[in-house]
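Remarks on the overall topology
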Amino acid sequence: MKFFKHLKTINHHKWLVMKHCFKAGLYKQGLLHDMSKYSPTEFWAGVKYYQGTRSPNDAEREDKGVSYAWLHHKGRNKHHLEYWIDYFHKKCMESIYDSLEPEKFSFDFCEISEDVIDFEANLKSDKKDFIYDENVSYNAQIQLLDERLNLLSPKQRFALILFYVFDTDLSEIADLYNLKELKIKSMRVYDAVTRIGGIKDFEFKDIISCERPDRYRNKAQFPIGRAKEGSAVFGFYSFHTHRIIPCDDCLLQPEVFNSVIEITKRFIDKTNADIYDETTGKGRLRHLYMRLGEITDELMVCYVVNGNGLKQEDELVRMLKDGLPNLKSVIINSNREKTNVVLGKKNRVAYGSDHITDVLCGLKFKISPFSFWQVNRAQAEKLYGKAKEYANLQNDEILLDLYCGTGTIGLTMAENCKTLVGAEIVEDAIKNANENAKANGIENARFICADASKAAAQLKAEGLQPDVVVLDPPRKGCGEDVILTVAQMSPKRVVYVSCDPATLARDLEIFESNGYKTKEVTPCDMFPRTAHVETVCLLSRKDK
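Only a predicted model underlies this, so the values are computations on that prediction, with no experimental measurement involved.

**Some words on the pattern of salt bridges**
This model, assessed by the stated rule, comprises 27 salt bridges. Arginine 529 is paired through a salt bridge with aspartate 214; the nearest N and O atoms lie 3.4 Å apart. Here arginine 529, found in the loop between strand S16 (516–524) and strand S17 (534–541), pairs with aspartate 214, found in the loop between strand S1 (203–204) and strand S2 (219–226); they are 315 residues apart in sequence, far enough to count as distant. The exposure class assigned to arginine 529 is partly exposed, which follows from its relative accessible area of 34%. A salt bridge links lysine 265 to aspartate 248, with the nearest nitrogen and oxygen atoms 3.1 Å apart. Residue lysine 265 is located in helix H10 (residues 255–271), and its partner aspartate 248 is located in the loop between strand S4 (244–246) and H10; the two are separated by 17 residues in the primary sequence.

Following this line, the structure appears as structure tokens:
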């Protein structure tokens, strides 16, 4: 037992746990696959050295590329083991980074870490607590560990290495996951542009990362149903179904939304409010829809109902006002259709205003239930900043903002150009865009309700030719007809903002076949903790 006598300040059972986990073959199960090149050999070499049976030779040190200089210290003391633990921790974290994939690491690290805490507590409270006794035989300690560890799954054993042996902080895992997520999203954009679009000779920029990957969403919509026991359920639809998965706290959304849900649940229990049933088409309360102004802190609560209103609406408003000091608007949206579309066409104000306001790139915008507004405001500022950089507008140039929505992108660039023209096919959005321009004192902007082709014809009839065109289409992209229309306008530069790498790549290929060259591509992590990625691209006319 010489091995253990040198570990008086080290929990040597942690060493046994790590040894057992490697013995269980975790590195063969993909959880530690990058360590399989060297970890087993190095691991057992270290163990045997501590047991006094061998030491690595110079040839092995060279082959492995690992420094064993520390092994040549006289004596075998606790620092040797500390070095090994630090070394394996580093390799373990490198392995996590290299092998992080959703299907392998989708488990809840917080939950697993609790399992680890329970594991340690069980060891300490076990009647066979001799695992802490250096005088108990090695085989007896291994037997007890076997009994405990064999109850754990491979992922839980892996978590033991992270949290129990290495005392890994959860933030270390989160940081690694963030890096891996950014890498995956960047490669998704690059692969689409080069493989689907066949684009070559362009500059691919580093992804714009998000400083706050949690609680960033300013909008949420929850379907409402009833559990089997009759209680109200708020949550999200299971994939490809309309089965509601309850969710009391989504970490992508602000905590105030949880308060709205709790108040609404209390209202339902208090008034026995009628909840909509999709199968029968009966019932009233269908969805809860919320928006929050990040800068202004103004809160909108919208209830989607199968009818014109709810019974005891006044009581609901009172409960919301009492519990939510930043409440600005309560709206009843009427949706009587049997449809997957959440919002109906008619809104009624039950309290306060018909809109909230927020600030983006120094401008103030009105936001109604129907308004398009980026769900991650802070990251949208970075995205629009990059789009503005690509536009590189001069004071005598004309900017055309297609798919302008409520005018957010174009209005943030208006001060840098002679004239801003926005085009959007949705009439309500054009109304909001004109209101936003007026509210911000922008006088060189106008917005027309038309599709891209009609907007181009109108500008041509007026003798106006855009120098820069900004495109921010929906997920389906622009399509060939819109791109050909833009190419016929012959702007000097095109700035393309995309939310789908595949349709972006398709459209870039069409642009390149019609006189334009892709110059730069920059991904943007607009939606952390999801698979979605935004991209902004600069295209230039080939004769410029």
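**As for the nonpolar core**
Core analysis: the largest hydrophobic core is formed by 49 residues, its most contacted members being Leu399, Leu411, Met413, Leu420, Phe447 and Val495. Contact partners of valine 495, with chain neighbours within four places excluded, come to Ala387, Tyr390, Ala391, Val468, Val469, Val470, Leu471, Val536 and Cys537. In this structure, Val193, Tyr496, Val521 and Cys537 belong to the second largest nonpolar core, which totals 34 residues.

**Here we look at the packing of helix H15 (residues 452–461) against helix H16 (residues 480–489)**
Contact pair H15 / H16: the axes reach a minimum separation of 9 Å and the direction vectors enclose 15°. Our classification of the angle between H15 and H16 gives roughly parallel. Relative to H16, H15 is oriented so that their crossing is left-handed. The segment H15 lies against H16, with Ala452, Ser453 and Ala456 engaging Val482, Thr485 and Met489. Tallied by class, residues from the contact of H15 with H16 come to four nonpolar, two polar and no charged.

**Overview of the confidence of the model for the protein chain**
Taken over all residues, the pLDDT of the protein chain has a mean of 79, while the share at 70 or more is 67%. Ignoring residues within four places in sequence, the model shows residues 24–84, a span with pLDDT below 50, making 106 contacts including any to other chains. Low pLDDT (under 50) marks residues 101–110, which in the prediction has 16 contacts with non-local residues, meaning those over four places away or in another chain.

**Considering the sheet that holds S4**
Taken together, seven strands build an open sheet; the order of strands is S4-S3-S2-S5-S6-S7-S8 and the sheet is mixed. Every other strand in the sheet has two partners, leaving S4 and strand S8 (346–352) as the edge strands with one partner each. Put simply, the sheet's adjacent strands are angled 35° from each other on average, direction ignored. Pairing of strand S7 (residues 327–334) with S8, which is carried by six bridges, proceeds in the antiparallel orientation. Bridge pairing in S8 places serine 329 opposite glycine 352. Each of S2, strand S3 (232–237), strand S5 (285–292) and strand S6 (299–305) touches H10; the most contacted strand, S5, lies at about 150° to it.

Criteria and thresholds
Residues numbered from 1 in each chain as written. Predicted model: local features only at pLDDT ≥ 70, side-chain atom pairs only at ≥ 80, totals over all residues. Heavy atoms only, no water. Salt bridge = Lys/Arg side-chain N within 4 Å of Asp/Glu carboxyl O. Helix = DSSP H or I, 4+ residues; strand = E, 2+ residues; numbered from the N terminus. Buried < 20%, exposed > 50% of the residue type's maximum accessible area, 1.4 Å probe, protein only. Core = buried A, V, L, I, M, F, W, Y, C linked by side-chain atoms within 4.5 Å. Contact = heavy atoms within 4.5 Å. Axes fitted to C-alpha atoms, helices over the stretch in contact; angles between N-to-C directions. Parallel < 35°, antiparallel > 145°, perpendicular 65-115°, else oblique. Left-handed = near helix turned anticlockwise from the far one by under 90°. Nonpolar A, V, L, I, M, F, W, Y, C, P; charged D, E, K, R; others polar. pLDDT = per-residue confidence, 0-100. Pairing = 2+ DSSP bridges.

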